Amino acid sequence: MDMEPPVQIKPTCLQSSAKNLIALLGKSYVLEMLYFMNTHQKPVRFNELKRELSITATTLSRRLDEFSRSDLLVRKVYAEVPARVEYSLSEKGKSLGPALRSLFKCVNSHYA
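Residues numbered from 1 in each chain as written. Predicted model: local features only at pLDDT ≥ 70, side-chain atom pairs only at ≥ 80, totals over all residues. Heavy atoms only, no water.

**As for the nonpolar core**
Inference 1: Of all hydrophobic cores here, the largest spans 20 residues; its most connected members are L34, M37, L49, L64, F67 and Y87.
Inference 2: At the level of secondary structure, the elements contributing two or more residues to this core comprise α2 (30–39), α3 (46–53), α4 (57–69) and β3 (84–89).
Inference 3: Per-element tally for this core: the top contributor is α2, with 5 residues.
Inference 4: Every residue in contact with L49, bar those within four places of it in the chain, is listed here: F36, M37, V44, I55, L60 and L64. (Core = buried A, V, L, I, M, F, W, Y, C linked by side-chain atoms within 4.5 Å. Buried < 20%, exposed > 50% of the residue type's maximum accessible area, 1.4 Å probe, protein only. Helix = DSSP H or I, 4+ residues; strand = E, 2+ residues; numbered from the N terminus. Contact = heavy atoms within 4.5 Å.)

Put into structure tokens, the structure is as follows:
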């Protein structure tokens, strides 16, 4: 009797477009940005994020663009001079909050 081994199916998070989100989570400052924005109760501005995270303007700009392309972010531009732009997490971005809290709790418990 010839039995084939069970087919291993990759979890959704390791397939296609979801894999892009997993890759984004591994980039520098992403977890810090998500943590800060998840715990901050109001929209934040570019310089506030830059100052809070001690991140370069170039890296912050790239990450905000990546967040936007992944639908994790809401970018609101005000018609003012000089222009005012505020960032907040979208519902999709906010939905990562519980998973991040669990991750940070696990890391604190086992690796701190």
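**Considering the packing of aromatic side chains**
Inference 1: As enumerated under the stated definition, the model contains 1 aromatic pair in all.
Inference 2: Taking NZ or CZ as reference, R84 lies 3.7 Å from the ring centre of Y78, over its face. (Phe/Tyr/Trp six-rings, centres within 6.5 Å; stacked < 30°, edge-to-face > 60°. Lys NZ or Arg CZ within 6 Å of the ring centre and 35° of its normal.)

**A closer look at the side chain of E86**
Inference 1: Here E86 is to be found in strand β3.
Inference 2: Polar contacts involving the side chain of E86 include one to the side chain of R84, which spans 3.0 Å.
Inference 3: If sequence neighbours within four positions are ignored, E86 has contacts with P43, V44, R45, V74, R75, K76 and Y78. (Polar contact = N/O pair within 3.5 Å; in protein donor to acceptor, adjacent residues only side chain to side chain.)

**Observations concerning the environment of L31**
Inference 1: Inspection of the secondary structure assignment puts L31 in helix α2.
Inference 2: For L31, a relative accessible area of 25% translates into the label partly exposed.
Inference 3: Between the C-alpha atoms of L31 and F104, which are 73 residues apart in sequence, the distance is 9.8 Å.
Inference 4: When residues no more than four places from it in sequence are discounted, the contact partners of L31 are L25, L100 and F104.

**Here we look at a nonpolar patch on the surface**
Inference 1: Taken together, the side chains of L103, V107 and Y111 make up a nonpolar region of the molecular surface, amounting to roughly 310 Å² of accessible area.
Inference 2: Checked against the element boundaries, L103 lands in helix α6 (residues 97–111).
Inference 3: The class for L103 is partly exposed, based on a relative accessible area of 40%. (Patch = residues over 30% accessible without salt bridge, like charges linked within 9 Å, V, L, I, M, F, W, Y side chains within 5 Å. Areas by Shrake-Rupley, 256 points an atom, 1.4 Å probe, with all protein chains shown as cover. Salt bridge = Lys/Arg side-chain N within 4 Å of Asp/Glu carboxyl O.)

**A closer look at the pattern of salt bridges**
Inference 1: A complete count under the given rule lists 6 salt bridges for this structure.
Inference 2: The salt bridge partner of K27 is E66, with a shortest N-O separation of 2.6 Å. Of the two residues, K27 sits in the loop between α1 (16–25) and α2 while E66 sits in helix α4, which places them 39 residues apart along the sequence.
Inference 3: By relative accessible area, K27 is classed as partly exposed at 36%.
Inference 4: Relative accessible area serves as the criterion here: at 12%, E66 is assigned to the buried category.
Inference 5: If you follow the salt bridges from partner to partner, you end up with K27, R63 and E66 in one network.

Fair warning: the whole summary comes from geometry, so function is off the table for now.
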